[in-house]
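# Analysis of the macromolecular model
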Amino acid sequence: MAGKRVVIVGGVAGGASCAARLRRLDESAEIVILDRGYYVSFANCGLPYFVGDVIQQESKLLLAGPDLFRDRFHIEVHLRNEAIAIDRRSQELVVREVDSGREYRQPYDALVLSPGASPVRPPLPGIDLPGIFTLRTLPDSEDIREWIESKVPRRAVVVGGGFIGLEMAENLVHRGIDVTIVEMADQLLPPLDPEMAEYVRRHMAAQATLHLGDPVSGFEQAADGGLVVRTQAGSAYAAGLVVLAIGVRPESGLAQAAGLEIGHQGGIRVDSGMRTSDPHIWAVGDAVEVKNRVTGQWELIPLAGPANRQGRIAAGAICGRDAHFTGVQATAVCGFFGLTAALTGSTEKSLRRAGMEDYKTIYLHPYQHAAYYPGAKPIHLKLVFRASDGLLLGAQAVGEEGVERRIDVMAMAIQMGATVFDLEEAEVCYAPQYGSAKDAVNMAGMAAANVVRGDVALASWPDLGAADAFLLDVREAEEFHAGSIDGAVNIPLGKLRGRMNELPRDREIWVYCRAGHRSYYACRFLVQNGFRVRNLAGGYRTYRAWYPEDRKQLCTV
Ligand code: FAD
């Protein structure tokens, strides 16, 4: 007996995972995938590396084709078929065959929308000139490759310094092209807090020309046939190739035209079972708005992991299972030129945007593995937690190694509603080449727990210039002379007991060291001797992230 007919619009991350799960749950269902593109189930996350020739064969990006869907799962795939309207009353989709223009109606019992998001392409002068690309599909990456191979550009401008922009920059450099990144925000990786993005800027500055804090105003054709990219502040960059990576917009037009509820961010609104405002229609992936687990706000989180999980959940819900999506926390990672940046949960700026003020932050710079084992490298880590009870709210990390492992642990902790006290006690694996007996995760928990318990008070880095505090540097003299904060007095930790009489009792003392460890000892010692003390968490390393040496300006959250 024929089962229910499920039609899926979009056959990549969310759509393909929904289809496969549906088949596993219901052998009798008739499942049809429609995609207007040439491929289904391709690895769009791998596209930058295909452009960069790191992945050399296109076939490696094709995870499953129509034949495999048909033969293995008994799922029909219709490529180059675009859904152009939803007739909700008759439960039919109006479909156009892209190549022939023929239109037909496709009935459904359940409809799943997984149309993704389209790259933003603002209506700037010259935006349609040849040589300006966006990257979303396999044909987009083929076009960029072909352009590189035929025109052999020496210079490229990547507009946008977000995750895809940085991945593209790395891959274009890999093709021997000089890259300039033009970014509207005055930091790279805008999802990170600015002082954390400073580590990224420093690293990227050695690899590409960076033009931050100034949006592109337009594009012109140069006399030599290349392009000129102009910025609002009046800069101009010559380029043989431009890649626009300035974000995506949810493809919610089809849903909107059908009268489905759309959220404030422009994404399709769904319930926890991924069902839209129409009981016969589900939606998943980049096109939907999702609830942020930490702030409780609706957000657009265009990431592959949530899209895949939502596809699976929609399939469960369609088959009558009690399947629920529990929300997102924007866990993301990006690698470029040997550096990794990752985050999970809320950043300080996202909490501020959400009007949440009951939080504190700590910084630390632990090594990815035992300091004595060769190749130890720091992880710059920022933890955001609820000040009143230590609930973990977010974490950001930047470093060469071990970054993603720590953020994954934090991600799971946030998902489980863990506190900084749980991180103190977290049992993670350890051997010298992988971690430390007191792992970075434990260290972060301990430093934050010390604050929540009241063992140490924190000073705020952005308040440094304005506060009437006595600034105490407890590093060794040679470290102090190699670079210090203006106005600081140096008393190395080992000498502090003997020189306590040099410290004021009528002013607050703000203490720092290199990474925040020795200053914590100093704080504990001074507090127990009756001084009013605050720790500048993360030490001089964090100071240099807030007050970059070559920028002479404070990062602002
Ligand atoms: P998509 O995977 O985009 O699929 C949508 C499909 O729907 C497309 O094939 C489209 O042709 C089709 N479609 C749209 N409208 C219609 C219509 N009306 N009729 C028929 N078909 C239609 N995420 C990560 O988590 N990590 C990464 O490292 C990462 N890297 C990325 C790199 C790049 C270059 C890109 C572009 C994305 C990256 N992402 C990454 C994001 C991730 O790929 C998306 O979040 C995910 O693919 C979203 O899945 P989706 O099913 O919603 O949409």
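The structure we're discussing is the one just above.
Residues numbered from 1 in each chain as written. Predicted model: local features only at pLDDT ≥ 70, side-chain atom pairs only at ≥ 80, totals over all residues. Heavy atoms only, no water.

### Some remarks on the pattern of salt bridges
Using the following cut-off: In what follows, salt bridge is the name for a side-chain nitrogen of Lys or Arg lying within 4 Å of a carboxyl oxygen of Asp or Glu.
According to the stated counting rule, one finds 35 salt bridges in the structure shown. Of the charged contacts in the structure, one is a salt bridge between Glu 97 and Arg 102, with a shortest N-O distance of 2.8 Å. Connected through salt bridges with shared partners, the residues Asp 193, Glu 195, Glu 348, Arg 352 and Lys 382 form a single ionic network.

### Some remarks on helix α6 (residues 194-205)
Operational definition: By definition, any uninterrupted DSSP run of H or I lasting at least four residues is a helix, any uninterrupted run of E lasting at least two residues is a strand, and each is numbered from the N terminus. Here a helix's expected span is defined as the number of its residues, less one, multiplied by 1.5 Å. Relative accessible area decides the class of each residue, using a 1.4 Å probe on protein chains only: under 20% of the type maximum gives buried, over 50% gives exposed, and in between gives partly exposed.
Helix length check: α6 (12 residues) gives 16 Å between terminal C-alpha atoms against 16 Å at 1.5 Å per residue, within 8%. Along α6, 9 of the 12 residues are buried, which leaves the element largely enclosed by surrounding structure. Every buried residue of α6 is accounted for by Pro 194, Glu 195, Met 196, Ala 197, Glu 198, Tyr 199, Val 200, Arg 201 and Met 204.

### Regarding the packing of aromatic side chains
Put simply, the test is: In this analysis, rings of Phe, Tyr and Trp, with Trp reduced to its six-membered ring, are considered paired at centre separations within 6.5 Å, and the interplanar angle assigns stacked below 30 degrees, edge-to-face beyond 60, and tilted for intermediate values.
Scanning the model with the defined rule gives 6 aromatic pairs in all. Centre to centre, the rings of Trp 461 and Tyr 543 are 6.0 Å apart; their planes meet at 40 degrees, and the pair counts as tilted. Here Trp 461, found in the loop between α12 (440-452) and β26 (470-473), pairs with Tyr 543, found in helix α15 (residues 539-546); they are 82 residues apart in sequence, far enough to count as distant. On the basis of relative accessibility, which here comes to 2%, the residue Trp 461 falls in the buried class. On the basis of relative accessible area, Tyr 543 is assigned to the buried category, the value being 10%. Put simply, the rings of Trp 461, Tyr 512, Tyr 540, Tyr 543 and Tyr 547 pair up and form one aromatic cluster.

### A few points about the pairing of strand β23 (residues 359-364)
Each regular strand shows side chains that alternate between the opposite faces of the sheet. Basically, it comes down to this: A strand pair is defined by DSSP finding two or more bridges across the two strands.
Counting buried residues in β23 gives 5 out of 6 residues, a clear majority hidden from the surface. Where β23 and strand β24 (residues 379-386) come together, 6 bridges link them in antiparallel fashion. Residue pairing for β24: Lys 360 is matched across the bridge by Phe 385.

### Brief notes about the sheet that holds β23
Rules: For helices, the fitted line uses only the C-alpha atoms of the stretch in contact; every axis is such a line through C-alpha atoms, and the angle between N-to-C directions lies from 0 to 180 degrees. Working rule for contacts: check all heavy atoms of both residues, and any pair within 4.5 Å makes them a contact.
A sheet is described by the order of its strands in space; here 5 strands give the open sequence β21-β22-β25-β24-β23, paired in antiparallel fashion. Edge positions in the sheet fall to β21 (332-336) and β23, since each of these pairs with one other strand and no more. In this sheet, neighbouring strand axes are inclined to one another by 10 degrees on average, regardless of whether the strands run parallel or antiparallel. Against the sheet, helix α5 (residues 163-174) touches β21 and β22 (339-345), its axis set at about 20 degrees to β21.

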